[in-house]
Amino acid sequence: MKTWNVGIVGLRRGRGFVSVFAAHPRVNVTALCDLDQGTLSDLGEAFSLPDSALYTDYDQFLDAQTDIIMVATPIRFHADMTVNALQAGKHVLCEQTAAYTVPDCERIVDAVKQTGQGYMMAENYCYFHYIRQWREIINQGKLGTIFHAEAEYIHEIEHLLVDEQSGSFFWRHERPPIWYCAHCLGPLLTLMDDRIVAASGSSAGFHKRPEYSDHLGFLDMEIGLFRTQKGALIKIARSQVAPRYPHLVYYTLYGTKGYVENGRGDGTEGRIWTEDHAKDAEHRPAEPMHCTTVDPDAPDDAKHGGHGTSEYYMIREFLDALEANVRPPIDVIRSMDFTVPGIIAHESAMSDGNWREVPLFEW
Ligand SMILES: NC(=O)c1ccc[n+]([C@@H]2O[C@H](COP(=O)([O-])OP(=O)(O)OC[C@H]3O[C@@H](n4cnc5c(N)ncnc54)[C@H](O)[C@@H]3O)[C@@H](O)[C@H]2O)c1
């Protein structure tokens, strides 16, 4: 079994990944990079790394002895950092979404093809325990043919858009809510084994924070409607300002033989109805289904990360793919399937709301 040397850039979100990587016996975290010297020193000390393994300069960091780079910086840096890492001979695990523009997505796809290095987008919600359970149910054909699915990710994060005291904006202020679509589309498209071919979008405007109407992150709500290659319909709702507490991560899928959802409360009180439930009485109600993000049977090490046990499994699958020299489950093409539809839906929302073709990348 190979031991992988990992470098992590962007140590806010990346901080959690240091311990998730450390939970895998096949990994050594050997280098860290962040512009903020204080964060870098704190984390270096916490994980007993020498000063020589700590970098504020990304190009110098790429010269360190690493096999894998985890990119966990703000999204506008993902494309350049990913391409540079791939060209430096590194495999890349990049936070989601992959990039903000279709040309940047294209650059990433081209770089993966040209270098032959591994690339996976770290769409952790695909690895929630209940999503993995639903996958088994769907693969057994219990929902029949899926013809409609919905997801809502409503998370009020105004404090991450602007510092109200100083009036200075953080990077998310420029991110229209639907650009951040992978937590919605990743799990749905994985479960449906499908791709989006057309998108339309609408937005509600700036009712909540009209004073920030020049900052697209403050759009009240964006809705995306999508058509898939297999002929299904998907609807997603995204907001970064809507006052809903606790925040909502909601999924539902409707098939010819039943439906499943994780519930609109805290997302754990789900329901499932399949034809099996109708054996005795035709319109028997759906059954409750507990939807947890934590796999109770996972090894203790799996519980080190955030978001339940999802990040442990995500990294395990990435390492397995690298070891087997095959493309990872959320490879560069799939990463763009989870990223590009949101970019196109936003384009539609900002103009006529009409349907637009979604470019599909091919291997
Ligand atoms: N999958 C999830 O559940 C999840 C959750 C939160 C954030 N994220 C993703 O993680 C990424 C980072 O988000 P965050 O919340 O940590 O952002 P953040 O702004 O809180 O932190 C970004 C960090 O990157 C550093 N940084 C910025 N530019 C850099 C550069 N050029 N070189 C080196 N370091 C640099 C900053 O100093 C900071 O420490 C984003 O892609 C975001 O979408 C994903």
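Just so you know, these numbers come straight off a predicted model, no measurement behind them. (Residues numbered from 1 in each chain as written. Predicted model: local features only at pLDDT ≥ 70, side-chain atom pairs only at ≥ 80, totals over all residues.)

Colleague: Tell me about the site of the ligand, and please be specific about residues and values.
Modeller: What surrounds the ligand is a group of 21 residues, the closest being Gly-10, Arg-12, Arg-13, Asp-36 and Glu-95. A class-by-class count of the residues in the shell around the ligand yields 10 nonpolar, 6 polar and 5 charged. (Near = placed C-beta within 6 Å. Nonpolar A, V, L, I, M, F, W, Y, C, P; charged D, E, K, R; others polar.)

Colleague: Lay out unusual backbone geometry with the relevant residues and their values.
Modeller: For the bond running from Gln-96 to Thr-97, omega is 0°, close enough to zero to count as cis. Inspection of the secondary structure puts Thr-97 in the loop between β5 (91-94) and α5 (102-115). Across the junction of Tyr-245 and Pro-246, the peptide omega takes the value -5°, indicating a cis bond. Secondary-structure assignment places Pro-246 in the loop between β10 (233-239) and β11 (248-255). The backbone of Ser-48 sits at a positive phi, close to 50°, despite the residue not being glycine. With respect to the helices, strands and loops of the structure, Ser-48 is situated in the loop between α2 (37-46) and β3 (54-55). (Helix = DSSP H or I, 4+ residues; strand = E, 2+ residues; numbered from the N terminus.)

Colleague: Residue-level account of the sheet that holds strand β1 (residues 4-9), with values.
Modeller: Strand order in the open sheet made by the 6 strands is β3-β2-β1-β4-β5-β6, with parallel pairing throughout. A strand with exactly one partner marks an edge of an open sheet, and here the two such strands are β3 and β6 (119-121). Pairing of strand β2 (residues 27-33) with β3 involves 2 bridges; the strand directions are parallel. Of the residues in β3, the one forming a bridge with Cys-33 is Tyr-55. (Pairing = 2+ DSSP bridges.)

Purely spatial values, then, with no claim about function.
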